[in-house]
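# Notes for the structure review
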Amino acid sequence: MEKNALLAGGAVVVVVAAVATALLVPGVLADPTDEGPVRPGPVDVADVSIAAGPATGETVTLAVETRIDHRGNPTNNVSVLVRAVDAESGLLTTTERIPVGNVSRDGEVTAETNVTVPREGGYDVEVVLYRDAERVDERRKSVRGVSAIKPPYLQSTTSFTESEALPPVSFSITDAGEDRTTMDLMATLTNTGDDPAENLEVTFVLRQAESNIVASRTTVDAGAIQAGRTETVEASATVPNDYNYYIDAVLLRDGVVIDTARGAANLNPTRTISVNQSTEDVELRVEDFEDDDGGARPTNQPEATYTETSQPGFGALAALVALVASALVARRWTK
């Protein structure tokens, strides 16, 4: 009995001492969350996606989306640095920094930015994740063929056909004269879009194959090509005989070239050319390619010839006459 009383009295003393200590010593019962700074939760780059944005004749904008994964305690002062590096030269092209701020919830947050680069070649896009100016993660993605991203004025659903059965450029002979040949030129266009294509023109340029001299140039209106339809545009051209020609067809919209195609016309029976064949040296008469009112000399007209002597203006007869005159004068003075 005395033993139990002794133990109870000791327990009371311990409780009283603990209460007294808590009251007299500050901070003993403080909130554990107030004990020093909280360690920030981890963040890393979960994914990077790049999309093509607006383009001009010289530049293209790349839309870069970075997804950041966060877990645990809140993380303050998060930012993303996006750099575009030229894939061929390794030179830094442009840099953009995205302030993300404080991240508290678990899951992913998105950081978006646009980087503008020259519309040529390819680029390595580097994404670097920072927390309080400390690099914590990074990711790299490559973009190639940026030149294929066309500005609005170069975008078109209409182009020349690419088929052996229906070639993009062809011709037929409508008149074979003694010196000149008239051809009917044809270009085949297809509209692969969902809307009609309008304000289109086709320019035909005929170049003599070996010299690249332009023998004929004509532009015709292509009219309106309905969606999903294939149409043929025709024009006429007259060129000198006995030469081979490349037929270049140029598709334009509002004065802007949006597609080109090439064919070949062999009017020289002794030589033939193809679109991918190299040229060779041949005899070329430039006057054949002059305009009708250009004053070209007929090819069968002989050229004038000239005789030069060592003493211009004195021939052999003049020298003999001068010698006789000198002798007469000398004889007269001696008499």
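Being a predicted model, the structure only gives us computed values, none of them experimental. (Residues numbered from 1 in each chain as written. Predicted model: local features only at pLDDT ≥ 70, side-chain atom pairs only at ≥ 80, totals over all residues. Heavy atoms only, no water.)

### Overview of the side chain of Thr203
As for its placement among the helices and strands, Thr203 is situated in strand 11 (residues 197-208). Residues in contact with Thr203, not counting those within four places in the same chain, are Arg217, Thr218, Thr219, Asp248, Ala249, Val250 and Leu252. (Helix = DSSP H or I, 4+ residues; strand = E, 2+ residues; numbered from the N terminus. Contact = heavy atoms within 4.5 Å.)

### Focus on unusual backbone geometry
Although it is not a glycine, Ala133 adopts a positive phi angle of roughly 65 degrees. With respect to the element layout, Ala133 can be found in the loop between strand 6 (123-131) and strand 7 (134-143). Here Ala133 falls in the exposed class, since its relative accessible area comes to 70%. One non-glycine residue, Asn212, lies in positive phi territory at about 70 degrees. Relative to the helices and strands, Asn212 is located in the loop between strand 11 and strand 12 (214-225). (Buried < 20%, exposed > 50% of the residue type's maximum accessible area, 1.4 Å probe, protein only.)

### Here's the deal with the pairing of strand 4 (residues 92-103)
Here strand 3 (residues 75-86) pairs with strand 4 via nine bridges, running antiparallel. Each residue of the ladder has a partner; that of Ser79, found in strand 4, is Pro99. With antiparallel pairing between neighbouring strands as the criterion, strand 3 and strand 4 make up a hairpin whose turn holds five residues, including Gly90 at a positive phi of roughly 75 degrees. (Pairing = 2+ DSSP bridges.)

### What about the nonpolar core?
Membership of the largest hydrophobic core comes to 27 residues, with the highest contact counts inside it found for Phe160, Leu189, Val202 and Phe204. Only strand 10 (180-191), strand 11, strand 12, strand 13 (230-240), strand 14 (244-253) and strand 15 (256-266) provide two or more residues apiece to this core. It is strand 11 that contributes the most residues to this core, five residues altogether. If near-sequence neighbours (up to four positions away) are discounted, Leu189 is found in contact with Thr158, Ser159, Phe160, Thr161, Val202, Ala222, Ile225, Arg229, Thr230, Glu231, Val233 and Leu251. Counting 25 residues, the second-largest nonpolar core is a separate cluster that includes Val48, Ala55, Val109 and Val143. (Core = buried A, V, L, I, M, F, W, Y, C linked by side-chain atoms within 4.5 Å.)

### Focus on the sheet that holds strand 7
Read from one edge of the open sheet, four strands run 4-3-6-7, paired in antiparallel fashion. The open sheet terminates on both sides in strands that have one partner only, identified here as strand 4 and strand 7. Averaged over all pairs of adjacent strands, the angle between their axes in this sheet comes to 15 degrees, without regard to strand direction. Of the pairings in the sheet, the one linking strand 6 to strand 7 comprises nine bridges and is antiparallel in character. Paired with Leu129 across the strands is Asp137, a residue of strand 7. (Axes fitted to C-alpha atoms, helices over the stretch in contact; angles between N-to-C directions.)

### Brief notes about the packing of aromatic side chains
Here the structure, examined in full by the defined rule, presents zero aromatic pairs. In this structure, Arg97 packs its charged tip against the face of Tyr130, placed 5.1 Å from the ring centre. (Phe/Tyr/Trp six-rings, centres within 6.5 Å; stacked < 30°, edge-to-face > 60°. Lys NZ or Arg CZ within 6 Å of the ring centre and 35° of its normal.)

### Digging into the sheet that holds strand 2 (residues 59-70)
An order of 1-2-5 is seen for the three strands of this open sheet, with the pairing classed as antiparallel. The open sheet is flanked by strand 1 (43-55) and strand 5 (107-118), the only strands paired with a single partner. Across the sheet, the axes of successive neighbouring strands diverge by a mean angle of 20 degrees, strand direction being ignored. Bridge analysis of strand 1 against strand 2 gives 10 bridges, and the strand direction is antiparallel. Bridge pairing links Ile50 to Val64 in strand 2.

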